[in-house]
Amino acid sequence: MESLLRLEKICKSFPGVVANDHVDLEILPGEIHALLGENGAGKTTLMNCVYGVYRPDSGTIYWKGQPVEIHQARDAIALGIGMVHQHFMLVPPLTVAENIILGLPSPREPLLDLKSASRQIRELAERYGLPIEPDVPIWQLPVGVQQRVEILKALYRQAELLILDEPTAVLTPGEVEELFKVLRAFKEKGLSIIFISHKLEEVMSISDRITVMRAGKVVDTLPASRTNPRELARMMVGREVFLQIEKPPCTPGEVVLELEDVRAQSDRDLPALKGISFQVRAGEILGIAGVDGNGQTELAEVIAGLRRVTDGRIRVLGKDITNCMPKEIIDMGVAFVPPDRQHMGLLMNFTVSENLIGKSFDRPPFSKYGFLQKQAIENFCAGAIYRCDIRTPHAHVPVKLLSGGNQQKVVLARELSLQPRLLIAAQPTRGLDVGATEYIRRQMVEARNAGTAILLISTELDEVLSLSDRIAVMYEGEIMGIVPAEEADLQQIGLWMAGSRAYQAAETPQTV
Amino acid sequence: MLSTQEVTNRWQIVYRRFLERSFNILIPLGAILAAFLISSTLVIARGANPLTAYAALFAGAFGSTNALANTVTRMVPIIMTGLAVTYGYRSGFFNIGAEGQLFMGAMATTWMGITLVGWPAWLLIPTCLLAGALAGSLWALIPGYLKARRGFNEVLTTLLLNYITIQLFEFLIRVDHVVGPGATFLSWIGLKDPSQPFPKSAYIAEAARMPSLTSVITWLGGTTEDPALQRFTLAAVIAVLAAVVIYILLFKTTTGYRARAVGVNPRAAQYMGINVMRTTITTALISGALAGMAGSLEIMGFQHRVIQNFLVGAGYDGIPVALIGQLNPLGVLLSALFFGALRAGANRMQIVSGAPVSIIYVIQSLAILFAIAGTVIDLRPRRLKQAEIEEAKRVEAELAAESPSAPAADMLGEEVRHV
């Protein structure tokens, strides 16, 4: 059968990152093709190349056998490619019909023809079994229906290939079932679908063929009928080498942090933490692995007092800190390197020195009778800048002018200057270059050697594997399991990350 | 680590920091100069000579003790409201309600001044001032609380409260002020002078009025013939002191640190352990107190009673004064001087040169535009700017690599153009 879309040796790199490295991919007419891989494996970048958001550095795209140049999204749409992004591109105050015809020429230019558009949308919706009311504004619709609008938008533009980027991430289980029913109907009508996901079970149940990507390369393409979750998990995370940091054996002390059946809601008021329990002891690093968006940010925030705990208890050194003010928790000796240094970790318009004293400005020696003590602050900041090798012309430069690595050093210098008993490090090396990453990781190991309890939350599996003394995996707001690092089994962790508990470590004693 | 090259660069650093700091003053000065320059085309269009016009304006503002007294009188309330807006804005509390808080302050001060007759000056002056500050801050507490606890937009609440205040004021200056036997609560809080048919209060007690230069000279045993000296009062000194105090509060104390941190990024401030709600409420109280004191100083220093339309617009003027002053308390002094001088000299300019009074509003508005435009001027060395641009590019590429939402604009861009 002739392929609908064929990619040949697609390369795309960004400064410092090779996102796609000679990727080959073939999509047949009428198939559901899953693209599976970890965060940063290059799935979305590849699809953005197909959809004309990025130009590939090299390689060729064939559409129905013909080589094509796709410069922008309009070209892709004209060919018959539709893409539904993880974050919907809808205008909330406008109605379904208005959103669907947005950007298309109207048959009655310069006037809109909403009536005939609504009729066509109704017909289309009926044909594909996607019930929708064209005159309702988007903001009134639940997320699952909004996604339906996105799909209809692509169908209205006569898409033959539908790219769905993590379509189930935002859906409830019931909505996922609905979506799958619709996708199967599409397939019967001859449409092709590319389904981007990192959830093994879903991929197994919906797709005809599966392409696994890792670190910008295609590992393999297999028919779903001839593989199993275990094999997929190994292909997804399996790596030969990773950065190893030298560290003395762990000597855990007293329990510093204890969570007991902690529950919390996300910003969208959906359950984000569904009964989390674990302990972190002095002098150990507990690493939490998991794909982004499985409740890791919420976990860090509830411990730091920045998010309300709806049920359960959090104790630090035996003292209950559930729903305490952030200030009280800081004073208990809890330091926190937040995942987002630009919006939370730093006051970007403040100077380096103002940021360095951000959590201790109201304590002696920096404050006396409510007045900031210039000399004490200068001395402290000069020391911190020297010790942590923060590259800045002087301490009074706005921190936003520093490079990302130096900004993160400012955050870490501030947090460690509090001499914390517990350090929560969420995505501590996200977006940093190799040197800064190395530095930050070494600092954490040193703090751990000095007896600090460290909770490391990272979506980079390498980082968790190389730093942690124990490893936990989070999936959809739950801890799938906790294992000591030396007993960690990559397949097991891969399965946990993809939401499957089925596999038992004992089956294949393949350890790292 | 300090390398040798960085040591040799140290003088450059000192020079640069000096430049950065003096910039707070240079921007408003440049903005004011540019405003005068461009407005001169309008003056010429009216057939007048801009040099004559501006000379007359200057003479009308600074040319005699009388002119100077006019300028100072107009400066004092807008220094205070400018400070109120500045402090609020720095903490993310955009106080549009300085006008209403000023009226509350003026009413409270007047009430004290006409009720506590017989108190000695050393007690009555602080009491009156305090009453004004308290009234202003309590009035600002309403929007402050609503913002902190309920997330109400303070721009709306403060603005709407202004109308309520003006109505309350209009009402109270029509209610006879009667204390002692036969007084009801309403007559007790009323402000109108019962012996007069007009809606205005009685003069406040002598002891409640701000001492002036004349009284200082008399006290020292001298005599003076110049009536203008009576209008140089302690109120002006207090206003200047207030600017210095607010400068120290904002930049040298923990309270100011909290306020500025919340103003820059409330989420980050909360993460750092700052109580954002409490800070917002404190900010509202301080901002309101400053605006309330604007009313007190006007009554105690110059007008000595409230009367219909006794001081309209000074609260709103605080906003441009704060903006031209680069939201810096010391800059506020400078821009309030500019505003005060323009208004004091406007009449003389019209009489001498024929350029209409309304020219000053053109100058004023242009100065605001230039002052805002001036904030984007970047004095930093090119190397730093380049580094920032590259960092931004890198972050963008990174985000693009890991998140699918980044290129959203690109994606709609081409389509939307055809709508």
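What you see is a predicted model; the values in this text were computed from it and never measured. Going along each chain's sequence as written, the residues are numbered from 1 onward. Chain letters and ligand numbers both follow the written order, the letters beginning at A and the numbers at 1. Residue-level local features of this predicted model are given only where pLDDT is at least 70; pairs of side-chain atoms are given and counted only at 80 or more, and the full residue set underlies all totals for whole chains, interfaces and linings.

So, the overall build of chain A
No. 1: Only DSSP runs of H or I covering at least 4 residues are called helices, and only runs of E covering at least 2 are called strands; the numbering of each starts at the N terminus. When helices and strands are counted, chain A shows 17 helices and 22 strands.
No. 2: Note that the radius of gyration is over C-alpha atoms, with the globule rule given as 2.2 Å times the number of residues to the power 0.38. Its C-alpha atoms give chain A a radius of gyration of 25 Å, near enough to 24 Å, the size a compact globule of 512 residues would have.
No. 3: Counting only C-alpha atoms and orienting by the principal axes, one finds that chain A spans roughly 75 × 60 × 45 Å.
No. 4: The buried share of chain A, reckoned over its 512 residues, is 45%. Around each residue's C-beta, the other C-beta atoms within 10 Å are counted; 20 or more make the residue buried, 12 or fewer make it exposed, and counts in between make it partly exposed. All C-beta atoms are placed from the backbone.

Digging into helix α3 (residues 50-62) of chain B
Turn by turn, an α-helix covers 3.6 residues, leaving residues three or four places apart pointing in a common direction.
Residues and elements named next belong to chain B.
No. 1: Taking 1.5 Å of rise per residue, 13 residues should cover 18 Å, and α3 covers 18 Å from first to last C-alpha, within 8% of that figure.
No. 2: For α3, every residue scored as buried is listed here: Pro50, Ala53, Tyr54, Ala56, Leu57, Gly60 and Ala61. Buried residues of α3, viewed axially, fall in a sector of 155°; they line one side. Given a helix with a known number of residues, its expected span is that number minus one, times 1.5 Å. Our arc is simply the arc of the directions from the helix axis toward the C-beta atoms.

Looking at the domain arrangement of chain A
All names here are of chain A.
No. 1: What the domain assignment lists for chain A is domain 1 (5-237) and domain 2 (255-351 + 419-497).
No. 2: Each of domain 1 and domain 2 has a C-alpha centre, and these two points are 33 Å apart.
No. 3: It is the C-beta atoms, placed from the backbone, that decide contacts: two residues are in contact if theirs lie within 7 Å. Taken together, the contacts link 11 residues of domain 1 with 11 residues of domain 2.
No. 4: The nonpolar class holds Ala, Val, Leu, Ile, Met, Phe, Trp, Tyr, Cys and Pro. Asp, Glu, Lys and Arg form the charged class, and all remaining residues, Gly among them, are polar. Partitioning the side of domain 1 that touches domain 2 into residue classes produces 5 nonpolar, 3 polar and 3 charged. Residue ranges for the domains originate in an automatic or database domain assignment.

Brief notes about unusual backbone geometry
Residues and elements named next belong to chain A.
No. 1: The residue after Pro364, namely Pro365, is reached through a cis peptide bond having omega 5°.
No. 2: One can find Pro365 in the loop between α12 (352-356) and β17 (367-368).
No. 3: Despite not being glycine, Tyr369 has its phi angle at roughly 50°, a positive value.
No. 4: As for its position among the elements, Tyr369 is in the loop between β17 and β18 (371-372).

Let's talk about the packing of helix α8 (residues 229-237) of chain A against helix α17 (residues 490-497) of chain A
Residues and elements named next belong to chain A.
No. 1: Orientation of α8 relative to α17, taken along the N-to-C sense of each, is 100°, at an axis distance of 8 Å. One way to sum up the angle between α8 and α17 is to call them roughly perpendicular. When α8 is examined against α17, the residues Pro229, Arg230, Ala233, Arg234, Met236 and Val237 are found in contact with a partner set consisting of Leu490, Gln491, Ile493, Gly494 and Leu495.
No. 2: Here the residues of the contact of α8 with α17 are counted per class, giving 7 nonpolar, 2 polar and 2 charged. Working convention: axes come from line fits to C-alpha atoms, limited for helices to the stretch in contact. Angles between N-to-C directions cover 0 to 180 degrees. Orientation is classified from the angle alone, with under 35 degrees giving roughly parallel, over 145 giving roughly antiparallel, 65 to 115 giving roughly perpendicular, and any other angle giving oblique.

Examining the nonpolar core
As a rule of thumb, nonpolar side chains are buried together in soluble globular proteins.
No. 1: In this structure, Ile424 of chain A together with Ile79, Met80, Met107 and Leu290 of chain B are the most contacted members of the largest nonpolar core, which totals 252 residues.
No. 2: Among the domains, domain 1 (5-237) and domain 2 (255-351 + 419-497) of chain A are the pair contributing at least three residues each to this core.
No. 3: Ignoring sequence-local partners within four residues, the contact set of Leu290 of chain B consists of Met80, Leu83, Ala84, Tyr87 and Ala242 of chain B. Put simply, a nonpolar core is a cluster of buried Ala, Val, Leu, Ile, Met, Phe, Trp, Tyr and Cys residues tied together by C-beta atoms within 7 Å.

Focus: helix α7 (residues 154-172) of chain B
Residues and elements named next belong to chain B.
No. 1: In this model, α7 (19 residues) spans 26 Å end to end at C-alpha, consistent with the 27 Å of a helix rising 1.5 Å per residue.
No. 2: Among the residues making up α7, those that are buried are Glu154, Thr158, Leu161, Asn162, Thr165, Phe169 and Leu172. Buried residues in α7, looked at end-on, bunch into an arc of 125°, giving them a common side. In α7, those exposed residues whose orientation departs by more than 90 degrees from the buried face are Leu156, Tyr163 and Gln167.
No. 3: Next to the buried residues of α7 lie α5 (98-115), α6 (121-150) and α8 (185-189).

Topic: the sheet that holds strand β22 (residues 478-484) of chain A
Residue and element names in this part refer to chain A.
No. 1: Any two strands with at least two DSSP-identified bridges between them are counted as paired. Here we have 6 strands laid out as an open sheet, ordered β16-β19-β20-β13-β21-β22, and mixed in their pairing. Taken across any chain shown, the strands that pair with only one partner, and hence form the sheet edges, are β16 (334-337) and β22. Strand-to-strand twist of the sheet, defined as the mean angle between neighbouring strand axes without regard to direction, takes the value 15°.
No. 2: Pairing geometry for β16 and strand β19 (residues 422-426), over 4 bridges, is parallel. What sits directly across from Phe336, in β19, is Ile424.
No. 3: Most of the contacts of helix α14 (residues 404-417) go to β16, to which it runs at about 175°, and overall it touches β16 and β19.
No. 4: The strands that α17 touches are β13 (285-289), β21 (470-475) and β22; relative to β21, the one it contacts most, it runs at about 30°.

What about the pairing of β19 of chain A?
No. 1: Burial analysis of β19 of chain A places 5 of its 5 residues in the buried class, the great majority of the element.
No. 2: A two-sided burial pattern is seen for β19 of chain A, the buried positions comprising Leu422, Ile424 and Ala426 of chain A on one face and Leu423 and Ala425 of chain A on the other.

Quick look at the environment of Pro92 of chain A
Residue and element names in this part refer to chain A.
No. 1: Among the structural elements, Pro92 can be located in the loop between β6 (81-84) and α3 (96-101).
No. 2: Exposure remark for Pro92: the 12 C-beta atoms within 10 Å place this residue in the exposed category.
No. 3: In sequence terms Pro92 and Gln146 are 54 residues apart; their C-alpha atoms lie 9.6 Å from each other.
No. 4: What Pro92 contacts, discounting residues up to four positions off in sequence, is Ile138 and Trp139.

Details of the confidence of the model for chain A
No. 1: Per-residue confidence for chain A averages 87 on the pLDDT scale, and 95% of its residues sit at or above 70.
No. 2: Here residues 504-512 of chain A is modelled with pLDDT under 50, and outside its nearest four sequence neighbours on either side it reaches 9 contacts, counting other chains as well. Scored between 0 and 100, pLDDT is the confidence that the predictor attaches to each residue.

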